[in-house]
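A closer look at the structure
Listed here are the chains, written in short residue letters.
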Amino acid sequence: MTQNTTGRVAELKIDGKVYTLPTLEGTEGDKAIDISNLLQETGYITLDSGYKNTGSCTSSITYLDGNDGILRYKGYDIEDLAEKCTFVEVAYLLLHDELPNPRELAQFKQLLEQFALLHEDMIHFFDHFPPYAAPMSILSVMVNCLSSYYPEMGDDPLANIDITAARLLSKIRTIAAFSYKKSMGQPLIYPRHDLSYCGNFLNMMFDNPVRPYLVQPAVVSTLNKLLILHADHEQNCSTSTVRLVGSAGVNLYSSISAGINALWGPLHGGANEMVIQMLEAIHNDGNDFIKYINKAKDKSDPFKLSGFGHRVYKTFDPRGTIIKQACDEILEVLHVSDPLLDIARELEEIALNDEYFVKRNLYPNIDFYSGIIYRAIGIPTNMFTVMFALGRLPGWVAQWTEMSVDPSRKIGRPRQVYIGEKQRNFVALDDRG
Ligand code: CMC
């Protein structure tokens, strides 16, 4: 798909001189002013802290309308994909532009099976992390290491991209489960060819020699849904990181490793862990909701209501709505009663009726209820952001690939407005007072 120039221009007047800037419009009506020649023509750059108004690329992967709460991958509504697909089908869609037919799906699954094992040498790496190591740091290191073991991408970033993508998807799941097993001091459970993508992950996490794990279809189905909801989200912080690092010509594994580190932040993927910590703190504080609501509103307090607010959504995050329902369903199936769910529901209710949150359009986001599901299916809190990374992987790969084949691709290199010292005379060390 190509970008659509509208024929309309924007006018910019600086010091009495009018400059015209071309505009373009996306397939869903997103409007943009093309400023690629701005500096050359006017001597000015744009300044936009946090890139609130700045598009870094055109993309045909994910469409997001933050005012109406719409999210689509390759044109398909997230509601349909979450309800009717497996994660592997959605990963295929993101990587290949179309949903797979049965033959394509079987071939893709076969690739995922083929690549599920880690090189045995890499398994020794786990021994050298301290037992308290954060799983996100292990994940990022191990994914970066994959480039040493599978250097087949070589100079051509797209050589064997299908194989590399399948390898990453399959191995990242094994790495995630092994890092958990190591942290528990339990023997590693190897992937099995007879289990599905999500079933395999659950089995590698929870099976052990003295207590075999029974893979439950309801848990597999919930995990599929969670991973689908996380699979892509256009130019968020970690995806932009993957693209930026990749724009320098860095291989896919290392670009994704950088994305994992970006995702780790508590304002981004790390928020799912923070939500549980916050709900536990409220619980331990005798359900003193008002104290935490007031802390979140207090500008002198760095505390924020984790799992609330979003850069793009100014209404309910559609992923949050689906997750909330999935949360109710799986807790009922598993007969789990989690006091944190009641706290989450009440906190949401209070925030949605509080003027501060209403005025700023702050709604629960994807991270608000996901942690309660993870707890119910046995995923420990420090693995929550790893789960986010597992889900986001196909999106990162698709975005990296789209960036790599874009003929207009340039190394990402923002400008700045320098506000430091003007030129000074150098003072020799002995003369400095
Ligand atoms: N609690 C209290 N106040 C908030 C919150 C919150 N969770 N989120 C935003 N605000 C306030 C913020 O202080 C600001 O107030 P004011 O206009 O008076 O200065 C206003 O709302 C606008 O917020 P912002 O920080 O300018 O918005 P942003 O787009 O830069 O930040 C955000 C978006 C997600 C980082 C932010 O909402 C936040 O920190 N939320 C909590 C962390 C979180 O849940 N992150 C997960 C995001 S969804 C998963 C993902 O995609 O990563």
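Everything that follows concerns the structure shown earlier in this document.
Residues numbered from 1 in each chain as written. Predicted model: local features only at pLDDT ≥ 70, side-chain atom pairs only at ≥ 80, totals over all residues. Heavy atoms only, no water.

Note on placement: Asn203 falls in helix H8 (residues 197-206). Considered as a pair, Asn203 and Tyr190 are 13 residues apart in the sequence and their alpha carbons are 8.8 Å apart. (Helix = DSSP H or I, 4+ residues; strand = E, 2+ residues; numbered from the N terminus.)

In terms of burial, H8 is a largely internal element, ten of the ten residues being buried. Along H8, the residues that are buried comprise Tyr197, Cys198, Gly199, Asn200, Phe201, Leu202, Asn203, Met204, Met205 and Phe206. The secondary structure elements touched by the buried residues of H8 are helix H3 (87-96), helix H4 (102-114), helix H7 (161-184), helix H9 (217-230) and helix H18 (384-405). (Buried < 20%, exposed > 50% of the residue type's maximum accessible area, 1.4 Å probe, protein only. Contact = heavy atoms within 4.5 Å.)

Our focus in this paragraph is the packing of helix H6 (residues 135-149) against H18. Axis angle and axis distance: for two packed helices, these are the angle between their axes and the distance between the axes, and together they describe the pair. At a minimum axis distance of 8 Å, the contact between H6 and H18 shows a crossing angle of 35°. In contact with Pro135, Met136 and Leu139 of H6, H18 contributes Thr385, Val386 and Ala389. In terms of residue class, the contact of H6 with H18 is made up of five nonpolar, one polar and no charged. (Axes fitted to C-alpha atoms, helices over the stretch in contact; angles between N-to-C directions. Nonpolar A, V, L, I, M, F, W, Y, C, P; charged D, E, K, R; others polar.)

For the coordinates displayed, the defined rule picks out 14 aromatic pairs. Measuring from centroid to centroid gives 5.1 Å for Phe368 and Tyr369, while their planes differ by 90°, and the two rings are edge-to-face. For Tyr369, a relative accessible area of 2% gives the class buried. Over the ring of Tyr356 we find Arg360; its NZ or CZ atom is 3.8 Å from the centre of that ring. (Phe/Tyr/Trp six-rings, centres within 6.5 Å; stacked < 30°, edge-to-face > 60°. Lys NZ or Arg CZ within 6 Å of the ring centre and 35° of its normal.)

Judged by nonpolar contacts, the single largest core of 116 residues is most densely connected at Tyr73, Leu139, Leu279, Leu305 and Ile379. Of the residues forming this core, the biggest block, twelve residues, is contributed by H18. The residues that make up this core include at least three from each of domain 2 (80-227 + 254-264 + 386-396) and domain 3 (271-376). If we skip the residues at most four places from it in the chain, Tyr73 touches Ile61, Thr62, Ile78, Leu81, Val90, Leu93, Leu94, Ile228, Leu229, His230, Ala231 and Asp232. (Core = buried A, V, L, I, M, F, W, Y, C linked by side-chain atoms within 4.5 Å. Domains from an automatic or database assignment.)

Here we have three strands laid out as an open sheet, ordered S4-S5-S6, and antiparallel in their pairing. Each edge of the open sheet is held by one strand with a lone partner, namely strand S4 (62-65) and strand S6 (76-77). For strand S5 (residues 70-73) and S6, the ladder comprises two bridges, and the chain directions are antiparallel. Within the sheet, the bridge partner assigned to Arg72 lies in S6 and is Asp77. (Pairing = 2+ DSSP bridges.)

Another point: the packing of helix H11 (residues 252-263) against H18. At a minimum axis distance of 10 Å, the contact between H11 and H18 shows a crossing angle of 135°. Compared by their axis directions, H11 and H18 come out oblique. For the crossing formed where H11 meets H18, the hand is right-handed. Seen from H11, the contacting residues are Leu252, Ser255, Ile256, Gly259, Ile260 and Leu263; seen from H18, they are Thr385, Phe388, Ala389, Leu393, Trp396, Val397 and Trp400. For the contact of H11 with H18, the residue count by class is ten nonpolar, three polar and no charged. (Parallel < 35°, antiparallel > 145°, perpendicular 65-115°, else oblique. Left-handed = near helix turned anticlockwise from the far one by under 90°.)

So, about the site of the ligand. Near the ligand there are 22 residues, and of these His268, Leu305, Gly307, Arg311 and Tyr356 occur at the shortest range. Contact distances for the ligand include 2.9 Å between a nitrogen atom and a backbone N or O atom of Leu267. Coverage of the ligand by the protein amounts to 78% of the 930 Å² it exposes when considered alone. Counted by class, the shell around the ligand contains nine nonpolar, seven polar and six charged residues. (Near = heavy atom within 4 Å. Polar contact = N/O pair within 3.5 Å; in protein donor to acceptor, adjacent residues only side chain to side chain. Areas by Shrake-Rupley, 256 points an atom, 1.4 Å probe, with all protein chains shown as cover.)

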